[in-house]
Amino acid sequence: MPPISESRKRILVTGGAGFLGSHLIDRLLSQGHEVICADNLFSSTKRNIDHLHANPRFEFLRHDVCFPLYVEVDEIYNLACPASPIHYQHDPIQTLKTSVHGAINILGLGKRLRCKVLQASTSEVYGDPDIHPQTEDYWGNVNPIGLRSCYDEGKRAAETLFFDYNRQHGLEIKVARIFNTYGPRMHRHDGRVVSNFIVQALLGQPITIYGNGSQTRSFCYVDDLIDGLMKLMASPAEVIGPINIGNTREFSMLELASLVIEITGSRSAIEHLPLPSDDPRQRQPDVTKARNILGWAAETQLRDGIERTVAYFKTILDDEIRP
Ligand code: NAD
Ligand code: UDP
Ligand code: UDP
């Protein structure tokens with residue numbers, strides 16, 4: 001099916017009601033594209049896309065990517081998959097099915113339509129990394145049978161499927177390895193560290209640091225991440241990835257906690273809880289490829305991004321925040 005016009009495309013975003021997906025859809029719609037969002041709302045709320053229903057170029061399908069999907073589109077972003085440990089460990093078999101069966105169906109769709117398919121892969125393919133920062137040619141250090149394996153191995157198998165559809169069927173693929181990303185519209189009970197700390201600080205609850213808090217992550221603000229994904233999708237056909245997309249500034253969880261306490265002016269105490277199993281000790285992307293090939297680098301400072309995220313959570317927790 002030809003595109004609606006040279007510049008206006010019909011784009012499928014799976015997982016489009018989620019945190020990243022809903023921001024991506026905002027941007028695609030603002031560029032004049034038509035968007036189909038396919039999501040089973042496993043780890044998100046309809047509130048993320050409430051503001052879009054009035055837009056005639058937006059369509060929502062309640063759909064599980066483990067089942068075949070027949071739509072006519074020009075491009076596909078495959079984001080469907082719970083991303084926070086609480087959500088993806090809730091039903092680990094479903095998580096693995098979503099990554100693997102979901103990838104097969106979405107790649108089959110892309111193959112029939114001969115359209116580009118972008119996969120939201122993850123820094124988790126590196127597991128608890130032995131090299132630092134992580135480059136794309138590092139094969140990773142992943143436990144195949146642990147609590148995180150349903151997500152890590154699922155995403156690794158999905159990458160394999162993407163590369164095999166590329167080699168075997170000539171499908172144009174784009175594989176992005178996304179590093180920890182945060183911002184407005186994270187689910188308040190999502191369990192990831194940024195949303196947990198902010199919600200706890202605003203509600204005056206103890207800030208839960210797992211372990212001693214010396215483990216590190218590099219946090220990318222959502223707007224920067226979406227820029228990176230869209231640049232990758234627009235890149236020449238020979239750019240297939242995998243390509244790291246993330247912020248290179250690395251912070252310990254203790255540093256993050258004190259920044260959140262400072263910005264919110266919270267009197268929350270810090271509480272140390274046991275470190276979950278297989279929790280990576282450190283993580284930082286090498287973004288040389290993204291910089292050289294896509295001309296992309298994250299720009300938002302952690303302080304600015306956390307301030308914007310705090311402002312969002314203040315609005316949704318308004319009734320519960322006591323002065
Ligand atoms: P999210 O949980 O907010 O969004 C995922 C969306 O996928 C949700 O709306 C969920 O309902 C939907 N979904 C889950 N299973 C599905 C299924 N079987 N069929 C259809 N929809 C399904 O998470 P997010 O942070 O927006 O992550 C989006 C994608 O980016 C995920 O694939 C995730 O693995 C990847 N990623 C995110 C991060 C991050 O830091 N946010 C890091 C690395 C990778
Ligand atoms: N598929 C889909 N939509 C399509 C085309 C295919 O959901 O428009 C699914 C279908 O379920 C199929 C899977 O994608 O099983 C893989 O398709 P492919 O053509 O690679 O393999 P096959 O059909 O031979 O199993
Ligand atoms: N973490 C924490 N307190 C929380 C939630 C998470 O200290 O309330 C830690 C977690 O153990 C990990 C880091 O923060 O070391 C990032 O966790 P998150 O779940 O956000 O992402 P991931 O581990 O998948 O990178």
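Residues numbered from 1 in each chain as written. Chains lettered and ligands numbered in written order. Predicted model: local features only at pLDDT ≥ 70, side-chain atom pairs only at ≥ 80, totals over all residues. Heavy atoms only, no water.

Draft legend 1. The arrangement of the site of ligand 2 in detail. Close to ligand 2 lie Pro68, Leu69, Tyr70, Ile104, Asn105, Gly108, Leu109, Lys111, Arg112 and Tyr165. Arg112 has a polar side-chain atom sitting 2.6 Å from an oxygen atom of ligand 2. (Near = heavy atom within 4 Å. Polar contact = N/O pair within 3.5 Å; in protein donor to acceptor, adjacent residues only side chain to side chain.)

Draft legend 2. Region of interest: the site of ligand 1. The local shell around ligand 1 holds 30 residues, among which Leu20, Asp39, Ser43, Ser44 and Tyr151 are the closest. Phe19 places a main-chain nitrogen or oxygen 2.9 Å from an oxygen atom of ligand 1. One of the backbone nitrogen or oxygen atoms of Leu20 is found 2.8 Å away from an oxygen atom of ligand 1. Protein burial of ligand 1: of its 820 Å² of free accessible surface, 98% is covered by the chains. (Areas by Shrake-Rupley, 256 points an atom, 1.4 Å probe, with all protein chains shown as cover.)

Draft legend 3. Examining the environment of Ser99 more closely. As for its position among the elements, Ser99 is in helix H3 (residues 92–113). Looking at Ser99, the relative accessible area reads 4%, which means it is buried. A sequence separation of 60 residues divides Ser99 from Glu159, and the C-alpha atoms of the two residues are 9.4 Å apart. (Helix = DSSP H or I, 4+ residues; strand = E, 2+ residues; numbered from the N terminus. Buried < 20%, exposed > 50% of the residue type's maximum accessible area, 1.4 Å probe, protein only.)

Draft legend 4. Here's a closer look at H3. Helix length check: H3, at 22 residues, gives a terminal C-alpha distance of 31 Å against a target of 32 Å (1.5 Å per residue), a fit within 8%. Of all the bends in H3, the greatest measures close to 25° and is centred on Thr98. Within H3, the full set of buried residues consists of Gln94, Thr95, Thr98, Ser99, Gly102, Ala103, Asn105, Ile106, Leu107, Leu109, Gly110 and Leu113. For H3, the secondary structure elements touched by its buried residues are strand S1 (10–14), strand S4 (75–78), helix H2 (85–90), strand S5 (116–122), helix H4 (149–169) and strand S6 (173–178). Just beyond H3, the residue with positive phi is Arg114, at close to 50°. (Expected span 1.5 Å × (residues − 1). Bend = angle between axes of the 7 residues up to and from the residue. Contact = heavy atoms within 4.5 Å.)

Draft legend 5. Local environment of the sheet that holds strand S3 (residues 58–62). Spatially, S3-S2-S1-S4-S5-S6-S11 is the arrangement adopted by the seven strands of the open sheet, whose pairing is parallel. Each end of this open sheet is capped by a strand with a single partner; those strands are S3 and strand S11 (243–245). If you compare each strand with its neighbour and ignore which way they point, the axes differ by 20° on average. Two elements, S6 and S11, share three bridges in a ladder whose sense is parallel. Among the inter-strand pairings, Ile178 is bridged to a residue of S11, identified as Ile245. (Pairing = 2+ DSSP bridges. Axes fitted to C-alpha atoms, helices over the stretch in contact; angles between N-to-C directions.)

Draft legend 6. Geometry of empty space enclosed by the protein. The tally for this structure, following the rule as stated, stands at one cavity of 30 Å³ or more. Of the volumes computed, that of the largest cavity is approximately 30 Å³. Residue lining of the largest cavity: Asn78, Leu79, Ala80, Cys81, Thr98, Ser99, Gln119 and Lys155, and that is the complete set. Along the lines of polarity and charge, the residues of the lining of the largest cavity split into three nonpolar, four polar and one charged. (1 Å grid on protein atoms, 1.4 Å probe; cavity = no way out; pocket = protein on both sides within 12 Å on 5 of 7 lines; lining within 4 Å. Points joined across faces, edges and corners; volume = space filled by probe spheres on them. Nonpolar A, V, L, I, M, F, W, Y, C, P; charged D, E, K, R; others polar.)

Draft legend 7. Highlighting unusual backbone geometry. Cis geometry marks the peptide bond from His132 to Pro133; its omega dihedral reads -10°. Here Pro133 is to be found in the loop between S5 and H4. Phi at Arg114 is positive, roughly 50°, even though this residue is not glycine. By the element assignment, Arg114 lies in the loop between H3 and S5. The class of Arg114 is exposed, set by a relative accessible area of 75%. You will see that Asp278, though not glycine, has its phi angle at about 60°, which is positive. Position of Asp278 relative to the elements: it lies in the loop between strand S13 (270–273) and helix H8 (288–294). A relative accessible area of 34% places Asp278 in the partly exposed class.

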